[in-house]
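Survey of secondary and tertiary structure
So you can see what is in the structure, the chains are spelled out below.
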Amino acid sequence: MAADEVERLKEWVRELSPRRVLVQAPPGLIDVARDVSRILEGMGVEVFFSGGMCWGGCDLALREALELGCDAIVHVGHAEFVRSHSIPVFYLEHRYQNYGPVASLLPEILRALRGYGRVALGATVQYLDLLERLAEDLRRAGHVVLMGEPSNHLRHRGQVLGCDYSTMTSLDKDVDAHLVLGSVFHGLGLALITEKEVFAADPHSQKLVALREMAERVLRKRYAQILAFKSSRKVGVLVSVKPGQMYLGLARWLVGLLRSRGYDAELVVVDEIRPEDLEGRYEALVNTACPRLSVEDQERFRVPVLLPNEVLVALNVIGWEELLRRGLLSSYPQSWVMTVLTERPRP
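Here the residue index of a chain counts from 1 through its sequence in written order. Restriction of local features to residues with pLDDT of at least 70 applies here, the model being predicted, together with a cutoff of 80 or more for giving and counting side-chain atom pairs; totals for whole chains, interfaces and linings are based on all residues. Derived side-chain values reflect all non-hydrogen atoms in the structure, with water molecules and hydrogen atoms excluded from consideration.

**Observations regarding the overall build of the chain**
Put simply, DSSP H or I for four residues or longer makes a helix, DSSP E for two residues or longer makes a strand, and each gets a number counted from the N terminus. The secondary structure content of the chain amounts to 14 helices and 13 strands. The globule rule is 2.2 Å times the number of residues to the power 0.38, and the radius of gyration it is compared with is taken over C-alpha atoms. Taking 347 residues into account, the globule formula puts the C-alpha radius of gyration at 20 Å, and the chain, at 21 Å, falls close to it. Relative accessibility under 20% of the residue-type maximum defines a buried residue, over 50% an exposed one, and the middle range a partly exposed one, all with a 1.4 Å probe and only protein chains included. Relative to its full complement of 347 residues, the chain shows a buried share of 55%. When contacts within the chain are restricted to residue pairs at least 6 apart in sequence, long-range pairs at least 24 apart make up 65% of them. Split by element, the accessible area of the chain, about 15,400 Å² in all, is 50% carbon and sulfur. Once the 42 positive and 45 negative side-chain charges of the chain are each reduced to a mean point, those two points are 4 Å apart. Between two residues, a contact is recorded if the distance between any of their heavy atoms is within 4.5 Å. Here the accessible surface of atoms and residues is derived via Shrake-Rupley with a 1.4 Å probe, and residues count as covered only by protein chains that are part of the display. In this tally Asp and Glu are treated as negative and Lys and Arg as positive; neither His nor the chain ends contributes. For this purpose, a charge sits on NZ of Lys, CZ of Arg, CG of Asp or CD of Glu.

**Considering the packing of aromatic side chains**
The criterion for an aromatic pair is that two Phe, Tyr or Trp rings (for Trp, the six-membered ring) have centres within 6.5 Å, with stacked assigned to planes under 30 degrees apart, edge-to-face to planes over 60 apart and tilted to the rest. Summed over all chains, the structure comprises five aromatic pairs. Between the aromatic rings of W12 and F90, the centroid separation amounts to 5.3 Å while the plane-to-plane angle is 45°, which identifies the pairing as tilted. In this pair, W12 is assigned in helix α1 (residues 3-16) and F90 in strand β4 (residues 89-92), connecting sequence segments 78 residues apart. With respect to class, W12 is no different from F90; both count as buried. Only when the NZ of Lys or the CZ of Arg is both within 6 Å of the ring centre and within 35 degrees of the ring normal is a charge said to sit over the ring. One cation-aromatic arrangement involves R233 over Y263; the distance from NZ or CZ to the ring centre is 4.6 Å. The ring of F185 carries the charged tip of R292 above its face, separated from the ring centre by 4.0 Å.

**Considering a nonpolar patch on the surface**
Grouping into patches uses exposed residues only, defined as over 30% relative accessible area, and leaves out salt-bridged ones; the cut-off is 9 Å for like charges and 5 Å for nonpolar side chains (Val, Leu, Ile, Met, Phe, Trp, Tyr). Take a side-chain nitrogen of Lys or Arg and a carboxyl oxygen of Asp or Glu: if they are within 4 Å of each other, that pair is a salt bridge. A cluster of nonpolar residues, M246, L248, L267 and V269, forms a patch on the protein surface that exposes about 330 Å² of accessible area. Structurally, L248 is set in helix α9 (residues 248-260).

**Digging into the sheet that holds strand β12 (residues 284-287)**
Two strands qualify as a pair provided that DSSP identifies no fewer than 2 bridges between them. Pairing in this open sheet of four strands is parallel, and the strands run β11-β10-β12-β13 from one edge to the other. With one partner strand each, in any of the chains shown, β11 (264-270) and β13 (305-306) form the two edges of the open sheet. Strand direction decides the pairing type here: strand β10 (residues 234-240) and β11, joined by seven bridges, are parallel. By the bridge assignment, S240 is partnered in β11 with V270. Axis definition: a line fit to C-alpha positions, over the contact stretch in the case of helices; interaxial angles, taken between N-to-C directions, run 0 to 180 degrees. Running at roughly 160° to β11, α9 makes contact with β10, β11 and β12 of the sheet.

**Concerning the packing of α1 against helix α2 (residues 30-42)**
Between α1 and α2, the shortest axis-to-axis distance is 11 Å and the interhelical angle comes to 40°. In this view, α1 runs oblique relative to α2, as classed from their interaxial angle. As α1 runs across α2, the sense of the crossing is right-handed. Packed against α1, whose contacting residues are V6, L9, K10 and V13, the element α2 presents V36, I39 and L40 at the interface. An angle below 35 degrees is treated as roughly parallel, one above 145 as roughly antiparallel, one from 65 to 115 as roughly perpendicular, and anything else as oblique. When the near helix sits turned anticlockwise from the far one by under a right angle, the crossing is termed left-handed; a clockwise turn instead gives a right-handed crossing.

**What to know about unusual backbone geometry**
Positive phi is not limited to glycine here, since H94 has a value of about 55°. Turning to its location among the elements, H94 is positioned in the loop between β4 and α4 (100-112). Overall, the relative accessible area of 11% leaves H94 in the buried class. The phi angle at Q206 is positive, at roughly 60°, despite the residue not being glycine. Looking at where Q206 falls in the secondary structure, it is placed in the loop between β8 (197-202) and β9 (207-210).

**A closer look at helix α8 (residues 212-230)**
Each helix should span, by expectation, one fewer than its residue count multiplied by 1.5 Å. For α8, spanning 19 residues, the distance from its first C-alpha to its last is 28 Å, which sits close to the expected 27 Å at 1.5 Å a residue. Restricting attention to buried positions, one finds in α8 the residues R212, A215, V218, L219, R222, I226 and F229. Burial along α8 is one-sided: seen end-on, the buried residues are contained in an arc of 115°. Among the exposed residues of α8, those oriented more than 90 degrees off its buried face are E213 and R220. Of all possible arcs, the one meant is that of the directions from the helix axis to the C-beta atoms.

Bear in mind that shape data such as this cannot, by itself, settle questions of function.
Shown next as structure tokens:
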């Protein structure tokens with residue numbers, strides 16, 4: 001952890017004076033979570049570790065913390081996502097400070113960007129402190145580099161999430177290509193909603209991947225799932241209890257819409273969306289939780305797992321090309337609400 005992050009954590013503890021804190025982190029940052037625990041215990045705080053998966057800032061362990069009588073949560077590895085919560089949450093972003101792994105990828109990045117004069121640059125939260133230095137290196141090589149301002153679920157300039165790329169899509173018309181500093185997972189989400197080439201530069205794996213062709217393959221598979229959905233009748237509409245993924249109003253509306261079109265639709269409440277829990281109960285599912293689950297995990301399911309906007313395509317409310325043009329495929333459901341719901345047919 002950076003020294004300034006440690007000091008902010010300590011100051012937060014001094015101001016809040018919690019007796020008991022739940023520490024939550026993804027598996028890859030468990031050592032950071034243990035460092036946090038040592039700091040908290042050194043300040044007289046009782047610490048519990050959350051043993052569940054931690055998929056993002058949307059996945060706060062609020063219920064666990066309240067049931068344990070915790071006064072606060074320290075959430076490691078993500079920027080603030082849920083602003084409204086029942087107990088205080090400290091988001092420890094754990095930003096990387098070592099530019100070396102990025103510098104070692106720079107020659108490959110520059111080769112990949114030949115012919116792309118204007119580039120939009122973004123990063124996952126861990127790499128944000130290295131973003132401006134990379135931008136300067138690209139500018140010295142002759143590129144025009146742009147970074148977008150935060151909106152929607154994003155909190156920082158240039159930040160990207162697996163479900164929110166507004167810092168980069170806002171620049172789409174002004175650039176020739178996009179470069180995401182982070183994993184292929186994060187780059188692919190952007191490639192699904194832009195026609196421009198997207199490169200994912202992963203300092204951890206030391207790989208640079210062009211994602212246009214991969215995105216095209218994913219889009220073909222998504223369209224095949226939409227066609228398969230059309231022949232289903234028993235449909236489960238999934239609504240998540242995770243605080244940053246709960247779209248109950250949207251799920252209710254989709255149940256009504258599907259029923260009005262002859263589908264036997266039910267609203268199904270879930271925490272983790274796992275095929276083994278839903279196997280054999282439905283001929284198709286609609287996912288109003290994390291949109292990337294439908295993209296990355298579809299092959300784990302024997303039935304189509306459509307996003308809300310894909311349901312509109314299946315019901316011939318909007319066309320596939322319109323969905324792609326609007327850039328809605330891997331965006332969060334509320335983006336769909338803002339852009340399409342006003343035009344919806346009445347169930």
